[in-house]
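Residue-level structural notes
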Amino acid sequence: MIRLDVFSDPICPWCYIGKARLDRALAARPDHPFQVQWHPFQLNPDMPASGMDRRTYLEAKFGGQAGAVQAYLPVVTEAEASGLKINFEGITRTPNTLNAHRLIHWAGIEMKQNAAVDRLFRAYFVDGVDIGDPAQLVQIASDIGMDGDVTARLLDTDADADDIRARDADARHKGVQSVPTFVVANQHVIAGAQPTELWTQAIDEITAQLGPDTPQ
């Protein structure tokens, strides 16, 4: 298998779009060689633990409502082109995503990481769920087959929080400046929400290089 490391944040709309495009390529090439691993990168590492009002956050970041609308127009266009609906009106909070990243980490231990990432994206961008709320994260864990009680107990502690922060800092130190960022075989860096066609081409090229007799 070939490692495909993805640096992402569950509240990043380009990450949501990028995952959908990658998933279509993986589905089109079911014998692909990729082993996908998701890694933490917080867009807002200094966000208060309780998050903040979404409108207040966007207007402060983009200099007012008009600036926020303008900044998100390309996101809406690309999401629709990718067959995705983003319910921006339903999002009322911008959360701190540290706990969401902890959930992704724990889901990875149980081989449910992809499901966790999928469910977090849907919860935030479609259902308007505050994914900084521990109760919502427990529900998401339960929905994907994790033990909700265990997840609740873990969220009530600082388990793995320092590890998530350290991994985030390490990614920045190594040059990750925006998300999504994809790293193929720990060598080739691909930034941004790339088209499905790019991924299918990459899979075909890697598969050809590996050859039919190469152990995977």
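What counts and how
Residues numbered from 1 in each chain as written. Predicted model: local features only at pLDDT ≥ 70, side-chain atom pairs only at ≥ 80, totals over all residues. Heavy atoms only, no water. Pairing = 2+ DSSP bridges. Helix = DSSP H or I, 4+ residues; strand = E, 2+ residues; numbered from the N terminus. Axes fitted to C-alpha atoms, helices over the stretch in contact; angles between N-to-C directions. Contact = heavy atoms within 4.5 Å. Parallel < 35°, antiparallel > 145°, perpendicular 65-115°, else oblique. Left-handed = near helix turned anticlockwise from the far one by under 90°. Nonpolar A, V, L, I, M, F, W, Y, C, P; charged D, E, K, R; others polar.

A word on the sheet that holds strand 2 (residues 34-40)
Pairing within the open sheet is mixed, and its four strands lie in the order 2-1-5-6. Each having just a single partner strand, strand 2 and strand 6 (188-191) make up the two edges of the open sheet. Each neighbouring strand pair of the sheet contributes to a mean axis angle of 20°, computed without reference to strand direction. Where strand 1 (residues 2-8) and strand 2 come together, seven bridges link them in parallel fashion. Across the sheet, the residue bridging to Asp 5 is Gln 37, located in strand 2. Against the sheet, helix 1 (residues 13-28) contacts strand 1, strand 2 and strand 5 (181-184), and its axis sits at roughly 170° relative to strand 2. Seen against the sheet, helix 8 (residues 161-173) touches strand 1 and strand 2 and runs at an angle of roughly 105° to strand 2.

Things to note about the packing of helix 5 (residues 113-125) against helix 6 (residues 134-143)
Two quantities define a packed helix pair, namely the angle between the helix axes and the distance between the axes. It is at 10 Å that the axes of helix 5 and helix 6 come closest, and there the two elements cross at 135°. On the basis of the axis angle, helix 5 is oblique to helix 6. The way helix 5 lies across helix 6 gives a crossing that is right-handed. Taken together, the residues of helix 6 that come into contact with helix 5 (itself represented by Arg 119, Leu 120 and Ala 123) are Leu 137, Ile 140 and Asp 143. Residues belonging to the contact of helix 5 with helix 6 are distributed by class as follows: four nonpolar, no polar and two charged.

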